[in-house]
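Chain by chain, the residues run as shown.
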Amino acid sequence: MNLARDAQKAGARVGLTSDRIVIEGGKPLRGRIEVRGAKNLATKAMVAALLGDSPSLLQNVPEISDVHVVTRMLDAYGVAVTSPAEGELLLDPSNVLKAHFAQIDALAGSSRIPILFCGPLLHRLGEALIPDLGGCRIGDRPIDFHMDALRAFGAIVDKSYEGIRITAPNGLKGAHIELPYPSVGATEQVLLTAVRAEGVTELKNAAIEPEIMDLIAILQKMGAIITVEPNRTIFIEGVDHLEGYTHRAIFDRNEAASWASLALATDGDIFVGGAAQQELMTFLNIFRKAGGGFDVQEDGIRFFRAGELKPVVVETDVHPGFMTDWQQPLIVALTQADGVSVVRETVYENRFGFTDALVEMGADIVVHKDGYDSPTWRVPRRPLEQVAVITGPSKLHGADVNVPDLRGGFSYLIAALTAQGRSSITNVGIISRGYERFVEKLDALGADFALVD
Ligand code: EPZ
């Protein structure tokens, strides 16, 4: 089965028959759902397969449109992507070839993943053409760390009206790179380039998210030699060739935290199969402080409200801090807490835009754009920090809202399910970029809704 063709048919709205959902809110959601592989690992693992001299098998792959986009991109470069079993991808890079730029350009608009093709394509083809990137509009999303890293390996970066053309006429040599900020994408860029570069690469101030560690595990399986030091420094010893891997993707922490926030907001009780405690420790602490309860079991975690919801003060950070991707769903639950919560976003410039619609639904949320300091908080890391002050409890009422980005979109589902009355949410296709079969899962949890053309 050629997945690229099927990905084309599936289009951006994986599993969705329409782009609008009408929800009747106000009741607790209860039941069990399953969470599979992480969007922010599976897509990178697919790119890593390009580096192998033999096919790779990725397991626990979620049915999300970001995976379909990368499938189509790999197909454009001649990588055969098939599915030997449900949730599995077999990626065969034997016939990698130059892609037509137009094909890649058509795909890049909805994702940031194309930027990670640079290193593997430079190793395989000697050049990479990167069009303008997509991804959630939650900030500027620059790629300067990526370009500086590639130049450090000896690549030549030419910006053109089409996008960016990268070549490496003298090959790629190991480099000493220090990231200005522990960027997830830039760390992945360095890993995917350094593993086949000549010599040793030292990467300082690297991101160490669990998804990064899972990608390192994949590269090690392929034959890479990667050492992670305790101080965010990673050493990569370049090797001559890499083989394909077999790997079961780590579960999606962001999806698990989103369903947990839904249980908290609606006073529900949701068992999230596939979730594991280790990778969610920081989230679980905040969840408990906010009045949530959780029960860790062998095959997942049960999330529920343990009593009155309580306000919290939380600051997003890189791992092992509170992930920026967790704040949007949690904020909806905090609108129901009795008191004043403060969420400080330190990773993205504009990740509170989604709160405007929550205010329309009756929430009391004030966003301080110019930052908000407190002597008890650490020295501000970035001038772009912002703070959302949430005062509750607020009675949310239904409204017509439009999905602005992936996590904001799921937050609107939570808000509509928490509100009394009817809500209409449009542009829900964005949610299927990162939430596998979310409509089926809402149904399994007893939500009252209808997909509307
Ligand atoms: C990844 O984005 C995730 N996306 C994001 O998840 C996640 O929020 C983010 O990491 C942080 O954990 C994927 O993995 C596909 P960064 P990424 O590079 O790699 C700035 C979701 O909802 N920066 O760590 O793009 C950047 O603007 C998505 O699943 C530069 O300035 O994040 C941001 O302020 C949203 N220059 C900060 O660093 C660069 O060259 C962190 O970005 C690169 C990044």
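Residues numbered from 1 in each chain as written. Predicted model: local features only at pLDDT ≥ 70, side-chain atom pairs only at ≥ 80, totals over all residues. Heavy atoms only, no water.

Moving on: the site of the ligand. Surrounding the ligand, one finds 24 residues, the nearest of these being Lys 44, Asp 144, Ser 183, Asp 325 and Val 347. Within the side chain of Ser 183, one N or O atom sits 2.7 Å away from an oxygen atom of the ligand. A distance of 2.8 Å separates an oxygen atom of the ligand from a polar atom in the side chain of Arg 407. About the coverage of the ligand: the protein hides 93% of its 820 Å² of free accessible area. Counting only elements with at least two residues in the shell around the ligand, the list comes to helix H2 (39-48), helix H6 (144-152), helix H7 (184-194), helix H11 (324-334) and helix H13 (406-418). Class assignment of the residues belonging to the shell around the ligand gives a composition of 10 nonpolar, 5 polar and 9 charged. (Near = heavy atom within 4 Å. Polar contact = N/O pair within 3.5 Å; in protein donor to acceptor, adjacent residues only side chain to side chain. Areas by Shrake-Rupley, 256 points an atom, 1.4 Å probe, with all protein chains shown as cover. Helix = DSSP H or I, 4+ residues; strand = E, 2+ residues; numbered from the N terminus. Nonpolar A, V, L, I, M, F, W, Y, C, P; charged D, E, K, R; others polar.)

One finds Ile 166 and Leu 219 to be the most contacted residues of the largest nonpolar core, which totals 154 residues. If we ignore the near neighbours within four places in the chain, the residues touching Leu 219 are Ala 48, Leu 51, Leu 191, Leu 192, Val 195, Ala 224 and Ile 226. (Core = buried A, V, L, I, M, F, W, Y, C linked by side-chain atoms within 4.5 Å. Buried < 20%, exposed > 50% of the residue type's maximum accessible area, 1.4 Å probe, protein only. Contact = heavy atoms within 4.5 Å.)

Under the feature "active site" (unreviewed entry), the UniProt entry names Cys 136. If you trace the backbone, Cys 136 turns up in the loop between strand S6 (127-131) and H6. Look past the residues within four positions of Cys 136 in its chain and what remains in contact with it is Arg 141, Asp 405, Leu 406 and Arg 433. (UniProt positions renumbered as here; feature names shortened; annotations may be inferred.)

Here we take up the pairing of strand S12 (residues 234-237). Judged by which residues are buried, S12 turns out to be one-sided: Ile 234 and Ile 236 face inward and are buried, whereas Phe 235 and Glu 237, on the alternate face, are not. When strand S10 (residues 200-204) meets S12, the two strands line up antiparallel, connected through 4 bridges. Across the sheet, Thr 201 pairs through a bridge with Ile 236, a residue of S12. As paired strands, strand S11 (residues 225-228) and S12 are joined by 4 bridges and run antiparallel to one another. (Pairing = 2+ DSSP bridges.)

What follows deals with H6. Where H6 is concerned, the buried positions are His 146, Met 147, Ala 149 and Leu 150. The buried residues of H6 occupy an angular sector of 160° when projected down its axis, which confines them to one face. On its buried face, H6 is in contact with helix H5 (118-125), strand S7 (156-159), strand S8 (163-167), strand S9 (176-178) and H7. At the exit of H6 stands Gly 154, carrying a positive phi of roughly 100°. (Arc of directions from axis to C-beta.)

This part covers the packing of aromatic side chains. This model, assessed by the stated rule, comprises 8 aromatic pairs. For the ring pair Phe 283 and Phe 322, a centre distance of 6.3 Å and an interplane angle of 25° mean the geometry is stacked. In this pair, Phe 283 is assigned in helix H10 (residues 281-289) and Phe 322 in the loop between strand S17 (313-315) and H11, connecting sequence segments 39 residues apart. Ring centres 5.3 Å apart and planes at 80° place the aromatic pair Phe 322 and Trp 326 in the edge-to-face group. Taking relative accessible area as the criterion, Trp 326 reaches 1% and is therefore assigned buried. Joined through ring pairs, the aromatic side chains of Phe 283, Phe 287, Phe 303, Phe 322 and Trp 326 make up one cluster. Directly above the ring of Phe 304 sits Arg 302, whose terminal nitrogen or CZ lies 4.1 Å from the centroid. (Phe/Tyr/Trp six-rings, centres within 6.5 Å; stacked < 30°, edge-to-face > 60°. Lys NZ or Arg CZ within 6 Å of the ring centre and 35° of its normal.)

Let's shift gears to the environment of Leu 29. Relative to the assigned elements, Leu 29 resides in the loop between strand S1 (20-25) and strand S2 (30-34). Counting along the chain gives 410 residues from Leu 29 to Val 439, while the straight-line C-alpha distance between them is 13 Å. Beyond its immediate chain neighbours, meaning those up to four positions away, Leu 29 contacts Leu 262, Thr 266, Gly 268, Asp 269, Ile 270, Leu 417, Leu 442, Leu 445, Gly 446 and Ala 447.

Here 4 strands make up an open sheet; going across it, the order is S2-S14-S16-S15 and the pairing mixed. Sheet topology places S2 and strand S15 (292-297) at the edges, where each strand pairs with a single neighbour. Within the sheet, the average angular offset between the axes of one strand and its neighbour, ignoring direction, is 15°. Judged from the 5 bridges that link them, S2 and strand S14 (residues 269-273) form a sheet pairing that is parallel. If you follow Arg 30 over to S14, its bridge partner there is Asp 269. On the sheet, helix H9 (residues 253-266) packs against S2, S14, S15 and strand S16 (300-305) and is oriented at approximately 25° with respect to S16. Here H10 sits on the sheet in contact with S15 and S16, set at roughly 140° to S15. (Axes fitted to C-alpha atoms, helices over the stretch in contact; angles between N-to-C directions.)

For helix H8 (residues 210-222), which comprises 13 residues, the first-to-last C-alpha distance of 19 Å matches the rise-based estimate of 18 Å (1.5 Å per residue) to within 8%. Regarding H8, the residues found buried are Pro 210, Glu 211, Ile 212, Asp 214, Leu 215, Ile 216, Ile 218, Leu 219 and Met 222. Each element contacted by the buried residues of H8 is listed here: H2, H7, S11, S12, strand S13 (246-248) and H9. Once H8 ends, the next one or two residues include Gly 223, with phi positive near 120°. (Expected span 1.5 Å × (residues − 1).)

Let's shift gears to the confidence of the model for the protein chain. With 93% of its residues at a pLDDT of 70 or more, the protein chain shows a mean pLDDT of 92. Residue range residues 6-12 is modelled with pLDDT below 50. Its contacts to residues more than four positions away, or to other chains, number 9 contacts. Scored below 50 in pLDDT, residues 376-381 makes 14 contacts in the model with residues more than four places away or belonging to other chains. (pLDDT = per-residue confidence, 0-100.)

The next point concerns the sheet that holds strand S5 (residues 89-92). The 4 strands are arranged S4-S5-S3-S13 in an open sheet whose pairing can be described as mixed. Whereas interior strands pair on both sides, the edge strands pair on one side only; in this sheet they are strand S4 (80-82) and S13. With strand direction ignored, the average angle separating the axes of adjacent strands in the sheet is 15°. For strand S3 (residues 56-59) and S5, the ladder comprises 3 bridges, and the chain directions are antiparallel. Pairing of Leu 57 across the sheet is with Leu 90, part of S5.

The next point concerns the pattern of salt bridges. Across all of its chains, the model carries 21 salt bridges by this definition. The closest approach of N and O atoms between Arg 165 and Glu 127, which form a salt bridge, is 2.9 Å. Residue Arg 165 is located in strand S8, and its partner Glu 127 is located in strand S6; the two are separated by 38 residues in the primary sequence. Residues joined in a network through salt bridges with shared partners are Arg 36, Glu 86, Glu 436 and Arg 437. (Salt bridge = Lys/Arg side-chain N within 4 Å of Asp/Glu carboxyl O.)

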